[in-house]
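Commentary on secondary and tertiary structure
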Amino acid sequence: MALEHALLVSLRERAASGSELTRRFDKSFGYFWSATHQQIYRTLARMESDGWLTSEVVPQQGKPDTKVYAVSPLGEKILAVWLTEAPTDAPLRSELAVKLRGASYAEDRAGVLAMARAQREVHRTRAAAYEQMLQRQFPHPEELSDADVDRYLVLRAGVRVEEGWIGFLDEYRTTHERRASGATDKEAR
């Protein structure tokens, strides 16, 4: 996925200025697609010059004028086509997974386990944040519009991904704790 597509989705939801988009990106898209503010502004400018976006300069009181972007008809067509194409996501690309796979080469297994415990807390915190967002943004999921159902379900997927990491890290930790205590996997079952 290119940053352009994430911006098209966000702007289809609601037209926005660059600064509003960066804030919105930090609070929603940023959980599964990262981009710096500079990347967002550069991409918006390129998308506008390519005809994917239109913009309107909006005067602000006591502040410089702001440029509000919206998706053009061409951008709508590009987004519609992209939405039906198979994603090119890699199945799993995780530094944590590589570290844990190579953990037997570490000089300090306790240090690896401490890092894994800390990462479990990161995933637990993120899952809790997603759950709070679900409760705050979608208190009655049975009453949602189509667009809101899509946002709700993607947020639910985020919770499930985090729960998967938490379960994996729990299994990783308990397996190594059993092994360190002398219990074999067969004995633990």
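Residues numbered from 1 in each chain as written. Predicted model: local features only at pLDDT ≥ 70, side-chain atom pairs only at ≥ 80, totals over all residues. Heavy atoms only, no water.

Observations concerning the pairing of strand β2 (residues 53–60)
Here 7 bridges tie β2 to strand β3 (residues 63–71), and the two strands are oriented antiparallel to one another. Along β3, the bridge assignment pairs Q60 with K63. Counting the residues in the hairpin turn of β2 and β3 gives 2 residues, including G62, whose phi is positive at 75°. (Pairing = 2+ DSSP bridges. Helix = DSSP H or I, 4+ residues; strand = E, 2+ residues; numbered from the N terminus.)

Concerning the domain arrangement of the protein chain
Split into domains, the protein chain comes out as domain 1 (3–84) and domain 2 (95–186). The straight-line distance from the C-alpha centre of domain 1 to that of domain 2 is 31 Å. Facing 4 residues of domain 1, the contacting portion of domain 2 comprises 4 residues. When the buried surface of domain 1 facing domain 2 is broken down by residue, E13, Y31 and F32 rank first, second and third, together holding 93% of it. Our count for the contact surface shared by domain 1 and domain 2 stands at 1 salt bridge. Here E13 makes a salt bridge to R151, at a shortest N to O gap of 3.2 Å. Connecting domain 1 to domain 2 are 1 residue pair in polar contact (both at pLDDT 80 or more). For the side of domain 1 that touches domain 2, the residue count by class is 2 nonpolar, no polar and 2 charged. (Domains from an automatic or database assignment. Contact = heavy atoms within 4.5 Å. Buried area = accessible area lost by both parts, 1.4 Å probe. Salt bridge = Lys/Arg side-chain N within 4 Å of Asp/Glu carboxyl O. Polar contact = N/O pair within 3.5 Å; in protein donor to acceptor, adjacent residues only side chain to side chain. Nonpolar A, V, L, I, M, F, W, Y, C, P; charged D, E, K, R; others polar.)

Side note on the packing of aromatic side chains
According to the stated counting rule, one finds 3 aromatic pairs in the structure shown. Aromatic pair W165 and F168: ring centres 5.9 Å apart, planes at 75°, arrangement edge-to-face. Remark: F168 and W165 occur in helix α7 (residues 146–180); sequence separation between them is 3 residues, near one turn of the helix. What makes W165 buried here is its relative accessible area of 16%. Taken together through their ring pairs, the aromatic side chains of W165, F168 and Y172 make up a single cluster. (Phe/Tyr/Trp six-rings, centres within 6.5 Å; stacked < 30°, edge-to-face > 60°. Buried < 20%, exposed > 50% of the residue type's maximum accessible area, 1.4 Å probe, protein only.)

Quick word on a nonpolar patch on the surface
Taken together, the side chains of Y31, F32 and V154 present a nonpolar region at the surface, about 300 Å² in accessible area. Inspection of the secondary structure assignment puts V154 in helix α7. (Patch = residues over 30% accessible without salt bridge, like charges linked within 9 Å, V, L, I, M, F, W, Y side chains within 5 Å. Areas by Shrake-Rupley, 256 points an atom, 1.4 Å probe, with all protein chains shown as cover.)

Things to note about the side chain of S72
Within the element layout of this structure, S72 appears in the loop between β3 and α4 (73–84). Judged by its relative accessible area of 5%, S72 falls in the buried class. Ignoring anything within four residues of it in the chain, the contact list for S72 reads G51, W52, L53 and T54.

Concerning the packing of helix α1 (residues 3–13) against α4
In a packed pair of helices, the relevant descriptors are the angle between the two axes and the axis-to-axis distance. Direction vectors running N to C along α1 and α4 enclose 115°, while the axes themselves pass 10 Å from each other. With respect to α4, the axis of α1 lies roughly perpendicular. Of the two possible hands of crossing, α1 and α4 adopt the one that is left-handed. Contacts between α1 and α4 involve H5, L8, V9 and R12 from the first element and G75, E76, I78, L79 and W82 from the second. In terms of residue class, the contact of α1 with α4 is built from 5 nonpolar, 2 polar and 2 charged. (Axes fitted to C-alpha atoms, helices over the stretch in contact; angles between N-to-C directions. Parallel < 35°, antiparallel > 145°, perpendicular 65-115°, else oblique. Left-handed = near helix turned anticlockwise from the far one by under 90°.)

Quick notes on the pairing of β3
In the sheet, strand β1 (residues 16–17) pairs with β3 via 2 bridges, with the strands oriented antiparallel. Bridging from a neighbouring strand, S17 pairs with V68 of β3.

Focus on the sheet that holds β1
Read from one edge of the open sheet, 3 strands run β1-β3-β2, paired in antiparallel fashion. Looking at strand neighbours, the two that pair on one side only are β1 and β2, the edges of this open sheet.

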